[in-house]
Each structure stands twice: as structure tokens, then as C-alpha cells.
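Structural characterization, general
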Amino acid sequence: MQLARFPRRSLAHLPTPLEPMHRLTAHLRERGTAPNLWVKRDDCTGLATGGNKTRKLEFLVGHALAHGADVLITQGATQSNHVRQTAAAAAAVGMRCEILLESRVQRDDEYEHSGNVLLDRILGASIVARLSCGTDMQQAMEDRAAELTERGRVPYVIPGGGSSPIGALGYVGCAHELATASARVDAVVHATGSSGTQAGLVAGLWGSRVAVPVLGISVRSAMSEQRAKVHELAVETLRQLGVTDELPADTVQVDDRFIGGGYGVPTDQMRDAIELVARTEGLLLDPVYSGKAMAGLLTLIGEGRFSADDNVVFIHTGGSAALFGYRAVFE
Ligand SMILES: *Cc1c(COP(=O)(O)O)cnc(C)c1O
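Overview of the structure. Since the model is a prediction, treat every value here as computed from it, not as a measurement.

On to the overall build of the chain, then. Scanning the chain for helices and strands turns up 11 helices and 10 strands. Relative to its length of 331 residues, the chain is compact, with a C-alpha radius of gyration of 19 Å against a globular reference of 20 Å. Seen along its three principal axes, the alpha-carbon backbone of the chain occupies a region of about 65 × 50 × 35 Å. Looking at the chain as a whole, 56% of its 331 residues qualify as buried. Long-range pairs, those at least 24 residues apart, make up 80% of the contacts in the chain between residues at least 6 apart in sequence. Surface accessibility of the chain: about 13000 Å² in total, with carbon and sulfur atoms responsible for 50%. Computed over 32 positive and 37 negative side-chain charges, the inter-centroid distance for the chain is 3 Å.

Encoded structure:
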């Protein structure tokens, strides 16, 4: 499991802190059994309000630089945190950044222009296209890359969410941080979307024979589809690291009960979870990912999934900048 042989550009503040959530734990214990809750602060990776994509971008940008790239192309939903972190990474290494946005969610003017979109602009990225929901975004990026190549540029295409085997290496690194944490970790819970975060965690833990269950709360796809996607990427990530023995399917656990109306569509449980964590811990989650993931964790605790002496780590994957695109939800 050697990460050192992959090109890497330092962008993140690592290791991220692992902090107890004392007040949230106490609040839940007034109502029933609750484990010791911890938060892994991947919202504090440092790059332009931080988030989980920064870990992936260390390897993706390292790879791009090794290939002599001068422009990063990536894509995401309008309020994509991945796009914003990519824009910041490009600025930090002196590359241009071109963005293609997919209109996956119909909301309001603030959704279209505030939050992450505002930050994309401030960071100097060019939004070169806004495409309708269901567009083949990977193809659209490759078409744009071909145009740029023709003009003598050296583009590097980063897939949605930075979820390639190279990007997932960032979460192999996070798995190492968890495996060597001073507290014993009994379970890890986080939001899963494009799947690189969970794939990297599963690959990193399994590859170093650390048997900690990782539960992904899906924000977009149904359970069987998401499990298959994560498993496939975890296998590719392990193969790249030289680990070829078979990854058991049950290392990938996904719960898809908290998606609500779809990707980026608010739910009441998400809003309640965000307000609870804000008011007990002073911690800001996000409306698309970590808010739904926390709604999932709270439900699992209510269902008795964990015992009182378990240490459960919630990975805060970032995204609070998107709150400004969802103002109406909190009024
Ligand atoms: C992208 C993202 C996720 C999901 O991570 P994937 O690697 O895409 O599965 C979770 N939380 C936030 C805030 C994100 O931006």
C-alpha cells in the first residue's frame, strides 16, 4: 500500500483533526442509546473552504503536472463542491480551469449563482458550458479537451467528483489516518456520491487488513448500483496499489434511504440534521451530502445499530459553501 510512488501535489492540511462530538452525543443519550460520536474534519482540508475533493486533487493534480498539463477540465452539478475545489487547486498551481456544469437540480437564482458558483468565479475558473440534466458530461469534457489540444493547450480531464483510481488514492491516505488514530474506531459513516471517497477508504482499510466497517449514505443512486460502483472503483484502486486478491463484496455497505426526492433535492431530515449539528456542535454541514449523511447516521442510532461504547466516526466531507445556494430551505 505505497502511496509515495504516485505523483502528488500538496494542497491539503493533513492529517485532518479527529474530534469528539460531546454535545451531540449527550443530546442523543437523553433520548436513548447512542455511541461515542466523532467527526473526522475533512471539511478542514483547507483549500478554498475545504472538503473531501482536496485529498483526491492532490493525486489528480500531481498526475496532471507530471503530464505537463496547463489546463484542468472538470464537471459537476451547479453547486458542485468538487468543481470549486478543482478551481482552487488550479489557481494554487497556476493552471487554468474550465468547468462544465450540469443542471441536475431546478431551484432558484441563488442556487444558480451563489454558493459554490460564486466561489468558482472568484477563483478565476471559466464556466464554459451549462448543460441540461442527463448530458454525457464525460463526453462533453473530452470534446472540449480535443478543442483545446487543437489550439496547442495541454488539457487534463478530471472525472466528476475526482472519482478515478488516482483520485481515490486520496482516501487511501485518509484510511491510513483512521487506522492509526489514537481512538479505537468501530465504524465510519459518510456521504457517498461519485464513490471515490468510499472506494478509497474501503481499499485503504482492507488493503492494510483493518476491519472497520465503512457505511456510505447514498445521496444519489440506489443501494445495489452504488455498492457496485464503489466496489468496482475500490478493486481498481487496490490493483493500482499492487493488491490483487479479491475484495469481498460485503466490505462495501450502502444505505440509500436518505436520498429523498433525488440528488441535491432537500429533505426535512437533512434540514433537521444540519440544524441539530449546528446548534449542538457549532459545526456546519451541507445540504447535498453531509446533511443527508448525518440524517442517516441519526436514524441508524435511533434504530439501535450501535452500542453505547462504540466509537463511530462521521467523516465531514465539507460542502458548507453550498448552504448559500439553499437559503430558502433554512427560512
Ligand atoms: C463529493 C462529495 C461527497 C461524496 O464523495 P464521493 O467521493 O463523490 O462519493 C460527500 N460530501 C461532499 C460535501 C462532497 O462534495
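On to the side chain of Ser290, then. Relative to the helices and strands, Ser290 resides in helix α11 (residues 290–302). If we ignore the near neighbours within four places in the chain, the residues touching Ser290 are Ala191, Leu285, Phe314, His316, Thr317 and Gly318.

Assignment of secondary structure puts Val128 in strand β5 (residues 126–132). Exposure remark for Val128: the relative accessible area of 35% places this residue in the partly exposed category. On a C-alpha basis, the gap between Val128 and Ile73 in space is 9.7 Å, while along the polypeptide they are 55 residues apart. Among all residues touching Val128, those that are not within four sequence positions of it are Glu98, Ile99, Leu100 and Arg144.

Parameters at a glance
Residues numbered from 1 in each chain as written. Predicted model: local features only at pLDDT ≥ 70, side-chain atom pairs only at ≥ 80, totals over all residues. Heavy atoms only, no water. Helix = DSSP H or I, 4+ residues; strand = E, 2+ residues; numbered from the N terminus. Rg over C-alpha atoms; globule rule 2.2 N^0.38 Å. Buried < 20%, exposed > 50% of the residue type's maximum accessible area, 1.4 Å probe, protein only. Contact = heavy atoms within 4.5 Å. Areas by Shrake-Rupley, 256 points an atom, 1.4 Å probe, with all protein chains shown as cover. Lys, Arg positive; Asp, Glu negative; His and termini not counted. Charge placed at Lys NZ, Arg CZ, Asp CG, Glu CD.

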